[in-house]
Every structure is written in C-alpha cells, then in structure tokens.
Amino acid sequence: AIILGTGLKECLVAGLLASVEGYKILHVDRNDYYGGESASLNLTQLHEKFAPEKAQDKAALTAKYGRWQDYNIDLVPKFMMGNGLLVRVLVRTGVHNYLQFRAAEGSYVQGKGGKIHKVPSNDKEALRSSLMGMFEKLRARSFFIFVQNFVETDPSTHGGYNLQRMPARDLYEKFGLAAETVEFIGHALALKTNERYLDEPAVDLVKAVRLYSDSMARFDTGSPYIYPLYGLGELPQGFARLSAVHGGTYMLAKSDVEVVYDEETGRACGAKSEGETAKAKFVVGDASYFPGKTQKVGQVVRALCLLSHPIPNVNDAESVQIIIPAAQCGRRHDVYVLGTSSAHNVCAKGRYFASVSTTVETNDPYRELEAGLRMLGPIDELFYNVTDVHAPLADGTADGAFISTGYDATTHFETTVRDVIDIYRRITGKELDLSKDDAAAANTSG
C-alpha cells in the first residue's frame, strides 16, 4: 500500500495495515519532517512558522524561553483517553512499546457564571461536585450508578430500558436530570461535539460515559487522559519504526509527490516523485494529496500559547483539559482548552503550553477563542492558526483513493480514531475488533 503524508491518521492506518493485515507500506511525505498538519515543533520551528521575524534572533529566544530543543509544541494538541480507542490501536500495533506516557492531572468543565469545576465521573464525585445543588447531586449519582453497573450483554443491568431504541434524551429524562447536568455529561464526559446525540440510541451515551469513568479509574490524577512524553510527534516516529519492522519504507522531503491514476479506470494505482513511479492497489493520504476529490466542511481556529505559569483555577494542574460547553459561551460549538508543561517534556522547566480551539462560526475566528483565552491568565506569546477542514467526496471503494478527514477542534482523540477505523473498514471490508486489546499495556509510568 502507498500512504501519502505522515499525519497521525495516516500513520495509524499504516500501522494497522502493516501489523494486522501484513501489508508492505511505502510511506511518503512532501515535508522533511514527520507529522504533517499534526506535527510537533521545537521553539525555533514554531517561530519560523508563525513569527519568522523573531525566529532569526535565536539568542533572544533562548534568553527568554531557554533551550529551543526543550520544546515540543503540538500543532493539533490532543489528549488520549486512557482506556480509549487510540491506546487500544497502539497496543494492537505494538507502537506502545516505543512510547512512554504520563497521565494528565485534571479534567474540568465550565459551568454557570463562568466558574470552572472538576468533571465528576462517578457516584461519589457527583455528591462532592460543586456543579450541582443537593437534589440534583442525588439524581446524578443515580445516573452514574446505572452507568457503572451497565453490562451491554446483560439485560438485567439495563434498568428495564431498551437502550438500543431509546434515545439518549429520554434516558436523561428518566433520571430527571437538569439541563446543566445533561450539558456537562454530554460534552465533558461523553465528549459529544453537538446535540444530535440526544436523538441517537442511549446505549452510545452510556458506553461513552462508562469509557470516561473506566479511564479515570486507571489513574489517581483526577483525569482520564494520558499524553506521550515529548508530545504527539512521538507517535508518527513510533509508527515509522513499526513500518520498518514490517519491511516498509519511509521517504520524507518528496515535495513533488503526486497520486497516479489508471488512465482507463480512473482508480488510484500509485504515486510518482522525481521521475519515478511506485504502483499499488490503492493510495491512502490526507486531503492535500488529492486535489478535486475533497470538499471543505469547516474551519478550526487554534491559539497556541506560551505561559510562565500553570492555568489558574485548576488546582495547579500542570496538564489539564477544560471544556467550555457551547451554551455557556453563547455558541453552537464547544471551546476546548488544553494545558501541558515540562512534566510531559514539551517545554523548558518553569514554562507552560496551552492551546484554545473551536470550530469557526464567524468571520472573526480569533474572537471566538476569547472565552478560553480569558482562563489562561497572562500569556507570554500567542500564535493563532486557522485551518480548513476537508473531507473526502467519496469513500474510496470505487476509485482506490482513501482520504482522511481533517482534524477537528476537540482536544481528545476519540473522533480522530473513529475516522481511522472507518478508513480501515473501507479498505479491508473488515471491522477492527479492539475488544481484546488491553489499554493497560501502555506504559504510563512517565
């Protein structure tokens, strides 16, 4: 198989095709670095991309921020759910052996009045939570006990409900939950990105909340999330090693690479660069390698921020996710805040990194981040990045061009991996079964 681009999605697809299906992979990138749109940049690269005039004065940057090599700043910062799909894919492919993770320290949500609250994820935390009044705490506690006892294959744990047919909205109503409680459960626990899930089967909601609480239970840090030491740029490099183990080949800095199509059938059948052509039955890649075969479906705006202090009001957590539900800031899409530090080896000691992201709704995308930026306190330097999100026009089965969708605004990986698993299914015709892959095998001792 030929894969174009070394973004996270492309690397995950390559890892699955190599380790699960036994494909030999030729992996090509037009850039001279791994990661594509989801790369990690050191301090010099970060300024070269967003503030080239400052990048020239390396002495001034070093004096202000310390060694440039100590920075690994993600362009698309995201945490991984400790028990989630990405960690299971890493275990299935063996890439977890090349990485070291560390649990994040906090998971928060903004409630009424702009106050930040720890996200409660089980019955005990519901009773202690400042998000709800006493009677609502008891109702939420009942809901969490129901979720914790739920076993999909045991109808006796389903409370007499047909969760495959009952919409999530009705399940909330059965427990009498208030709108604010529904909001934080849906957006900060189940990690839903819009309200459509309310009319979808309740079983999906229950499993999503259960995934969050099961991931929480793995760590005693107050967060269900983990993150690799040295940033997400470690992932593509881990997959490059895996590919080599399976006899694959990586080629970077092929700036003229393009997809080759069969003249008769129109199917993607290879790639060419520098006068040489490699053939394959299909080609996988991000949208930038397939002009005319994708459409713009939206935009994401991100602010990448360098700080001299942890994010305030989160118990001095050095790594944290904060979700601002859309309704709390008068928007249609949630705003996501993520913070990391030298604890994950992404900044110099005493320095901190934060990102704020959301889906663009207006002609002034920078202003749309204000609700999140206000939370950060003083910011040493801020870089805005607005990216178009492209999606394929077809699923690839007819023309052999399997194209990944761009990265959304979320600061977690669940939506990213669903796209990868869908591409795997479209290529192989098989469902990827990750049920036997134990996420606990990933080394989180970092």
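Fair warning: this is a prediction, and the values are worked out from it, not measured in the lab. (Residues numbered from 1 in each chain as written. Predicted model: local features only at pLDDT ≥ 70, side-chain atom pairs only at ≥ 80, totals over all residues. Heavy atoms only, no water.)

### Some details on the packing of aromatic side chains
We count it as follows: Note on aromatic pairs: the rings of Phe, Tyr and Trp (six-membered ring only in Trp) are paired at centre separations within 6.5 Å, and the planes decide the class, stacked below 30 degrees, edge-to-face beyond 60, tilted for the rest. Secondary structure elements follow DSSP: runs of H or I no shorter than four residues count as helices, runs of E no shorter than two count as strands, and numbering proceeds from the N terminus. Any residue under 20% of the maximum accessible area for its type is buried, any over 50% is exposed, and the rest in between are partly exposed; the area is computed with a 1.4 Å probe on protein chains only. Only when the NZ atom of a Lys or the CZ atom of an Arg is both within 6 Å of the ring centre and within 35 degrees of the ring normal do we say a charge sits over the ring.
Evaluation of the coordinates by the stated rule reveals 15 aromatic pairs. Centroid distance Tyr 34 to Tyr 250: 5.7 Å. Interplanar angle 65 degrees. Geometry classified as edge-to-face. One end of the pair, Tyr 34, is in the loop between β2 (26–28) and β3 (40–41); the other, Tyr 250, is in strand β10 (residues 249–251), with 216 residues separating them in the sequence. Its relative accessible area of 19% is what places Tyr 250 among the buried residues. Between Phe 146 and Phe 175, the aromatic rings sit 5.5 Å apart at their centres with planes inclined by 50 degrees, giving tilted as the arrangement. Of the two residues, Phe 146 is situated in helix α7 (residues 134–149) and Phe 175 in the loop between α8 (168–174) and α9 (179–189); the sequence distance between them amounts to 29 residues. Here Phe 175 falls in the buried class, since its relative accessible area comes to 16%. An aromatic cluster of at least three residues, connected via ring pairs, comprises Phe 143, Phe 144, Phe 146, Tyr 161, Tyr 172, Phe 175 and Tyr 197. Directly above the aromatic system of Tyr 289 lies the positively charged group of Arg 30, at a separation of 3.9 Å from the ring centroid. The ring of Phe 50 is capped by Lys 49, whose NZ or CZ atom sits 5.6 Å from the centre of that ring.

### Description of the layout of surface pockets
Where empty space is left becomes clear once a probe the size of a water molecule has been rolled over the atoms. Defined as follows: Cavities and pockets were defined on a 1 Å grid built over protein atoms only: a cavity is a set of grid points that admits a 1.4 Å probe from which the probe cannot escape, a pocket is an open set flanked by protein on both sides within 12 Å along at least five of seven lines, and lining residues are those with an atom within 4 Å of any such point. Grid points are joined across faces, edges and corners, and a volume is the space filled by probe spheres set on the points. Put simply, Ala, Val, Leu, Ile, Met, Phe, Trp, Tyr, Cys and Pro go in the nonpolar bin, Asp, Glu, Lys and Arg in the charged bin, and everything else, Gly too, in the polar bin.
Approximately 1,600 Å³ is the volume attributed to the largest pocket. Along the wall of the largest pocket there are 46 residues; nearest its centre are Leu 85, Lys 192, Glu 414, Thr 415 and Arg 418. Among the secondary structure elements, those contributing two or more residues to the lining of the largest pocket are α5 (85–93), α10 (202–218), β15 (294–307) and α13 (414–428). A per-class count over the lining of the largest pocket returns 16 nonpolar, 15 polar and 15 charged. Quantified by volume, the second largest pocket comes out at close to 460 Å³. Lining of the second largest pocket is provided by 27 residues; of these, Gly 36, Glu 37, Asp 286, Ser 288 and Asp 388 occupy positions nearest its centre. Looking at the lining of the second largest pocket residue by residue, the classes come out as seven nonpolar, 13 polar and seven charged.

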